[in-house]
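Architecture at a glance
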Amino acid sequence: MSDVYDDLVRAVEATLFASETPLSLDDISRHLGGAAVAAALGVLSAHYAGRGVELVERGGCWHFQTAPDLAHLLRREREDPRKLSRAAIETLAIIAYHEPVSRAEIEAIRGVQTARGTIDVVMEAGWVRIAGRRETPGRPTIYATTPAFLAHFGLATRRDLPGLDELRAAGLLDPIDTAYAALTDNDADYAALAGKIDE
């Protein structure tokens, strides 16, 4: 490896360490005078793989983060008291799985009206952004997730969101499955009863 290339790798490393926010490949290149930095990022990523600090790409942006298995060592004693409401969690999940999505579409999926401040809460957390307007009558605002959402939840892309099988395996869909089974059993009982009455 040439000294010039070694210097580029070191410059990319220093740039990422000094940055307060994740940087895209173009941001890093622009900061280093237009240098081609993709190969240097590959070298750094391989160098830091399996170490206490890892170089990761989240949503097209690069940053250093603590290895997931060591995160407990750096947990702060003071917990952030702010907690998302159930409505905010549902709204965030709908946006993540269906983006870009409008408020009306969120309400249709949830089955209830979304309070005015619910979307504001997830936007203030930096996880949701306005993605434009839908080209339909009324031109409603549409929402999408941000790179900060991906970074916070440790996702490289939205394709890494858990699917139905993973959610079911984690036991997160059991109450829904049980409720649905009870509902369909009641429908079957009703249909059987209605059949006997017709006789």
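This text goes with the structure placed above it.
Model, not experiment: these values are computed from the prediction. (Residues numbered from 1 in each chain as written. Predicted model: local features only at pLDDT ≥ 70, side-chain atom pairs only at ≥ 80, totals over all residues. Heavy atoms only, no water.)

Looking at the sheet that holds strand β4 (residues 101–102)
Whenever strands of a sheet pair, they do so through backbone hydrogen bonds, lying parallel or antiparallel. One open sheet accounts for 3 strands, arranged β4-β6-β5; its pairing is antiparallel. Single-partner strands in this sheet number two, and they are β4 and β5 (128–133). Sheet topology note: the β5/strand β6 (residues 141–145) ladder contains 5 bridges and is antiparallel. Residue Gly132 lies in a different strand from β6, and its bridge partner there is Ile142. In the packing of helix α6 (residues 116–124) onto the sheet, the strands contacted are β5 and β6, and the crossing angle to β5 comes to about 115°. (Pairing = 2+ DSSP bridges. Helix = DSSP H or I, 4+ residues; strand = E, 2+ residues; numbered from the N terminus. Contact = heavy atoms within 4.5 Å. Axes fitted to C-alpha atoms, helices over the stretch in contact; angles between N-to-C directions.)

Comments concerning the sheet that holds strand β3 (residues 61–66)
Reading across the sheet, the 3 strands line up as β1-β3-β2 and stay open at both edges, with antiparallel pairing between neighbours. With partners counted over all chains shown, the strands left at the sheet margins are β1 (23–24) and β2 (53–58), one partner each. In terms of strand pairing, β1 meets β3 through 2 bridges, oriented antiparallel. Each bridged residue has a counterpart across the sheet, and for Leu23 the counterpart in β3 is Trp62. Helix-sheet contacts for helix α3 (residues 38–48) involve β2 and β3, and the interaxial angle to β2 is about 135°.

Everything listed is a geometric property; what it means functionally is a separate question.
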